[in-house]
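Below are the chains, spelled out letter by letter.
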Amino acid sequence: MTLRHFLRDDDLTPAEQREVLGLAMAFREDRHLRQPLSGPRAAAFITDKPTLRTQVSFATGIAELGGFPMIVDGNLAQIGKRESIADTTRVLTSMVSAIIWRTFGDDRIEEMARVSTVPVVNALTDGFHPCQILADLLTIAQHRGGVNALPGQVLTYVGDGANNMAASYLLGGATAGLHVRIAAPSTYQPDLVIVEKAAAIAATTGGSVLVSDNPAVAVAGADVVATDTWVSMGDEAQAAEREKPFIPFRLDADLLAHAKPDAIVLHCLPAYRGKEITADVIDGPQSVVFDEAENRLHAQKALLTWVLEQR
């Protein structure tokens, strides 16, 4: 068996992603379906950034998998500052069965994975948010007839194309065979390397990738419309200057009208009503954002079960 980490969306092949999502659907039906952490075995959840859904879903999920959620405050641990990432990792792996880290630079979690002898899971970094995209794909499957209905769905993301959500939509959506469209201001476009990697994956799954600076064109005929905050964690000082270019990309009723009549709306939360999304959309009948939030639990339990069973 092989030690597997989940640091970015394309760490799973299309077949592996389908397997994880199928298991997540099963966990939606039976929350105590499998308990790979029974004992209980501990799993460490470390957070260097503010968190609600991520901490609650992982802590609950670890407990429901039969384990003990060890919550580590990254501000107290000061990983990489008070103690090296490598030394911290060696300490943790002597005591826990998995490490879940919500942190800043991707280089931090990559270094941890190089040293770790247990699975390392990315609970959010500056570059990627892969567990959120698993939950989003699960939500689409929930509302579109199952995991096998994912290929061919058109998902449009509007907003900051240079953030971690856009990168993960590109990679994770392409892996699922979606037609992924990113609509963002010209100064906030996705990393070309990520776009090219997503396009290469899409060529093998029947999906496609489109990047545009025209939100109406990108949303036209979409099955799913997603957005996220215009100001990512760490960019708060830029809030005022960032807002103006994003106003045409606000997800309001007029923009949503370009999508299919039965299109569903995603937002990973927290949401800022009146900025990236209007209240009538996020609180309206097409919004499934609270199903999406709940699905963090089921998707992450499936992912943890899968990586633990690879060993």
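Above this text is the structure in question.
The structure contained in this document is the topic of the report that follows. Just so it is clear, the structure is predicted and the values come from calculations on it, not from any experiment. Starting afresh in each chain, residues are numbered from 1 along the sequence in its written order. Under the rules for a predicted model, residues below a pLDDT of 70 receive no local features and side-chain atom pairs below 80 are neither given nor counted, while totals for whole chains, interfaces and linings still include all residues. Working from all heavy atoms in the structure, the side-chain values ignore hydrogens and water.

1. Re helix 2 (residues 53–64)
What counts is decided by this rule: Each helix is a run of H or I in the DSSP string that is no shorter than four residues. Each strand is a run of E no shorter than two, and both are numbered from the N terminus. In this scheme, a helix's expected span is set at 1.5 Å multiplied by one less than its residue total. Relative accessibility thresholds used throughout: buried, under 20% of the residue-type maximum; exposed, over 50%; partly exposed, between the two (1.4 Å probe, protein chains only). Any two residues whose heavy atoms approach within 4.5 Å at even a single point are treated as in contact.
Between its first and last C-alpha atoms helix 2 spans 16 Å; for 12 residues at 1.5 Å apiece the expected length is 16 Å, and the two agree. The complete set of buried residues in helix 2 reads Thr54, Ser57, Phe58, Ala59, Gly61, Ile62 and Glu64. Check the buried side of helix 2 and you find it contacts strand 1 (42–47), strand 2 (68–73), strand 3 (99–102), strand 4 (120–124), helix 6 (130–144) and helix 13 (289–309). Following helix 2 by one or two positions, Gly66 has its phi on the positive side, about 90 degrees.

2. Concerning the nonpolar core
Rules: Among buried residues, those of type Ala, Val, Leu, Ile, Met, Phe, Trp, Tyr and Cys that are joined through side-chain atoms within 4.5 Å constitute a nonpolar core.
Formed by 59 residues in total, the largest nonpolar core has its most connected members in Ile100 and Ile140. Residue contributions to this core peak at 8 residues, all from helix 6. Leave out the neighbours within four places in its chain, and Ile140 touches Leu150, Gln153, Leu155, Leu178, Val224, Ile264 and Leu266.

3. Section: the sheet that holds strand 2
We count it as follows: Two strands pair under a simple rule: DSSP has to find at least two bridges between them. For helices, the fitted line uses only the C-alpha atoms of the stretch in contact; every axis is such a line through C-alpha atoms, and the angle between N-to-C directions lies from 0 to 180 degrees.
Spatial strand order, 2-1-3-4: 4 strands in an open sheet with parallel pairing. Two strands close off the open sheet at either side, each with one partner strand: strand 2 and strand 4. The mean angle between the axes of side-by-side strands here comes to 20 degrees, regardless of whether they run parallel or antiparallel. Bridge count for strand 3 against strand 4 is 4 bridges, and the pairing is parallel.

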